[in-house]
Amino acid sequence: MTSVLVFGLALLMALLTQWQQWSARRRAELGRATAPGAFDPEAYGLVRSAELDPGRAGPPMRLLRRKELEALADSCLAGGWRAAAAYVTAAGRDWDERWSRLDLLTRVAAERDEWLTRWRASGVEGAAAATVQARLLVQRAWEARGGGRDAEVPPDRWTAFRAQLSAAREIAQQAAELDPEDPGPWVVLVTAARGARLSRRRFRALWGEVTARAPHHAAGHGQALRHLSAEWHGSDRRMLRFAERAVRTAPAGSPLPGLYLQALYLLERRHGPAGLPGVRRRRALLPKVAAALADLPPADDRLPLLRHLLAHFALLSGRPDLALEQFRLIGPWCGAHPWTSMRDPVRAFDRARALAVSLTVRTHGHPGARTPQRVTDTGTGDARRSG
């Protein structure tokens, strides 16, 4: 036992030494890249440092689109439900778009939900109304539970948590019966499952109901990823394998490969950079993720947050050219993770851009200047600051 312990400590010290050496090299490279006068963003197709905006992750929503959504929310908060039903109906059987619209209505209902009660009573788009109510109950269940470890949650909060989750599951089942084709109610059940100790077999059955209706449902995959993480009911290995499979199987035009970036984010948050999968593995998958993001509509509100993550992990994976391309596409917006987790998001973002340029020039020569992007008020989504 003693020899095993000594060997384990020696291995740990060796890994720590390697990490410290890597960190020292990166700090030195960053220092050279950001020395006074060493970095001219515009020479590489990047916006000027003075234009960086830490208040948002991406461009603001188009004015007309924003006014349409504000009118919808105002109608609901005033007690109406017909505009909400029509909004969902307009999504047709595009399940990702339908879920996005239900997400907005859930946020409105969280402010005031009398209109939701009336909507459910009307029977119009009954599955959608029930799904919104079930989602709202799941959200309120987690609010009732509060943060902290299981042992730190008081008994009365546990009681409220379980009661809300039970009600959410019951209403989601009702929604599933009202529209057997809609994967939305099953996504709610997968979300609620994170608060229960389901066996692997029972969870696989729930997940199978989602994929039978929408094999590439983006939000559904996001919820399953969290369930499969080591933080909840899985492991790092299961979560990563799930995300890698999503990259390989996603159809063209799907945002699903972005799931791999979310998995890397969860791993880094849990273990630090040393907890990420091997560099070779990342270098093989990140270009596929980048290609998938390039196929999405420029106004897709999921893009900015994913581009920030891609730039970050491309730098950590020895693909500075890929990171530089993302920084060009991101433009001036730096109100997103990982920059917002640092003391000075603007400085962190600017230094990362400088490092991407420095390493790209060293590896590939001058990458060529492009016109800096100054995107304002053009997106359809509202990619606000997110950490």
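The structure contained in this document is the topic of the report that follows. (Residues numbered from 1 in each chain as written. Predicted model: local features only at pLDDT ≥ 70, side-chain atom pairs only at ≥ 80, totals over all residues. Heavy atoms only, no water.)

**Focus on the overall build of the protein chain**
Step number 1: On a plain count of helices and strands, the protein chain comes out with 16 helices and zero strands.
Step number 2: For the protein chain, the proportion of its 387 residues judged to be buried stands at 47%.
Step number 3: Sequence separation of 24 or more characterises 70% of the internal contacts of the protein chain that already satisfy a separation of 6 or more.
Step number 4: As displayed, the protein chain offers around 19,200 Å² of accessible surface, 53% of which is attributable to carbon and sulfur atoms. (Helix = DSSP H or I, 4+ residues; strand = E, 2+ residues; numbered from the N terminus. Buried < 20%, exposed > 50% of the residue type's maximum accessible area, 1.4 Å probe, protein only. Contact = heavy atoms within 4.5 Å. Areas by Shrake-Rupley, 256 points an atom, 1.4 Å probe, with all protein chains shown as cover.)

**Some thoughts on the packing of helix α3 (residues 82–89) against helix α4 (residues 95–111)**
In a packed pair of helices, the relevant descriptors are the angle between the two axes and the axis-to-axis distance.
Step number 1: At their nearest, the axes of α3 and α4 sit 9 Å apart, and the two run at 160° to each other. When the axes of α3 and α4 are compared, the pair comes out roughly antiparallel. Crossing handedness for the pair α3 and α4: right-handed. Side by side, α3 and α4 meet where Ala 84, Tyr 87 and Val 88 of the first sit next to Arg 98, Arg 101, Leu 102, Leu 104 and Leu 105 of the second.
Step number 2: When grouped by side-chain class, the residues that make up the contact of α3 with α4 number six nonpolar, no polar and two charged. (Axes fitted to C-alpha atoms, helices over the stretch in contact; angles between N-to-C directions. Parallel < 35°, antiparallel > 145°, perpendicular 65-115°, else oblique. Left-handed = near helix turned anticlockwise from the far one by under 90°. Nonpolar A, V, L, I, M, F, W, Y, C, P; charged D, E, K, R; others polar.)

**Notes on unusual backbone geometry**
Step number 1: The peptide bond linking His 337 to Pro 338 adopts the cis configuration, its omega dihedral lying at 10°.
Step number 2: By secondary structure assignment, the location of Pro 338 is in the loop between α15 (320–330) and α16 (345–364).
Step number 3: Positioned with a positive phi, Glu 125 is a non-glycine residue whose angle comes to about 50°.
Step number 4: Relative to the helices and strands, Glu 125 resides in the loop between α5 (114–122) and α6 (126–145).
Step number 5: Take Glu 125: its relative accessible area is 22%, and that puts it in the partly exposed class.

**Overview of the packing of aromatic side chains**
Step number 1: As enumerated under the stated definition, the model contains eight aromatic pairs in all.
Step number 2: Ring centres of Trp 158 and Phe 161 lie 5.7 Å apart, and the angle between their planes is 70°; this geometry places the pair in the edge-to-face category. Remark: Phe 161 and Trp 158 occur in helix α7 (residues 155–178); sequence separation between them is three residues, near one turn of the helix.
Step number 3: With relative accessibility at 1%, the residue Phe 161 sits in the buried group.
Step number 4: Taken together through their ring pairs, the aromatic side chains of Trp 142, Trp 158, Phe 161 and Trp 232 make up a single cluster. (Phe/Tyr/Trp six-rings, centres within 6.5 Å; stacked < 30°, edge-to-face > 60°.)

**Let's talk about a positive patch on the surface**
Step number 1: Together, Arg 169, Arg 200, Arg 201, Arg 202, Arg 204, Arg 237, Arg 241, Arg 245, Arg 248 and Lys 288 make up a positively charged patch on the protein surface.
Step number 2: With respect to the helices and strands, the residue Arg 169 is situated in helix α7. (Patch = residues over 30% accessible without salt bridge, like charges linked within 9 Å, V, L, I, M, F, W, Y side chains within 5 Å. Salt bridge = Lys/Arg side-chain N within 4 Å of Asp/Glu carboxyl O. Lys, Arg positive; Asp, Glu negative; His and termini not counted. Charge placed at Lys NZ, Arg CZ, Asp CG, Glu CD.)

**A word on the nonpolar core**
Step number 1: Leu 225, Tyr 260, Leu 261, Leu 286, Phe 313, Leu 315 and Phe 327 are the most contacted members of the largest nonpolar core, which totals 82 residues.
Step number 2: It is helix α14 (residues 303–316) that provides the largest number of residues to this core, a total of nine residues.
Step number 3: Every residue in contact with Phe 327, bar those within four places of it in the chain, is listed here: Leu 46, Ala 311, Leu 315, Trp 339, Phe 349, Ala 352, Arg 353 and Ala 356.
Step number 4: Formed by 22 residues, the second largest nonpolar core is a distinct cluster that contains Leu 102, Leu 104, Trp 115 and Ala 129. (Core = buried A, V, L, I, M, F, W, Y, C linked by side-chain atoms within 4.5 Å.)

**As for helix α2 (residues 63–77)**
Step number 1: An ideal rise of 1.5 Å per residue puts 21 Å on 15 residues; α2 measures up with 21 Å between its terminal C-alpha atoms.
Step number 2: Along α2, the positions that sit buried rather than exposed are Arg 65, Leu 69, Leu 72, Ala 73 and Cys 76. Taken around the axis of α2, the buried residues stretch over an arc of 95°, which confines them to a single face. What points out from α2, more than 90 degrees from its buried face, is the exposed set Leu 64 and Asp 74.
Step number 3: Those residues of α2 that are buried lie in contact with α3, α4 and α5.
Step number 4: One or two residues past the end of α2 sits Gly 79, with phi positive at roughly 110°. (Expected span 1.5 Å × (residues − 1). Arc of directions from axis to C-beta.)

**Comments concerning the pattern of salt bridges**
Pairing is possible between side chains of opposite charge, provided their charged atoms come close.
Step number 1: If you walk through the whole model with that rule in mind, you get 17 salt bridges.
Step number 2: The salt bridge partner of Asp 103 is Arg 107, with a shortest N-O separation of 3.3 Å. Of the two residues, Asp 103 and Arg 107 are both situated in helix α4; the distance of four residues between them amounts to about one turn of the helix.
Step number 3: With a closest N to O distance of 2.7 Å, Asp 350 and Arg 353 form a salt bridge. You can see Asp 350 and its partner Arg 353 sitting in helix α16, three residues apart, about one turn around the helix. Of the two residues examined, Asp 350 and Arg 353, each falls in the buried class.
Step number 4: When salt bridges with common partners are traced through the structure, they connect Arg 93, Asp 179 and Glu 181 into a single cluster.

**Description of helix α10 (residues 218–228)**
Step number 1: The element α10 is extensively covered by neighbouring structure, given that eight of its 11 residues are classed as buried.
Step number 2: For α10, the full list of buried residues reads Ala 218, Gly 220, His 221, Gly 222, Ala 224, Leu 225, His 227 and Leu 228.
Step number 3: Against α4, α8 (184–193), α9 (200–213), α11 (236–249) and α12 (258–271) lie the buried residues of α10.

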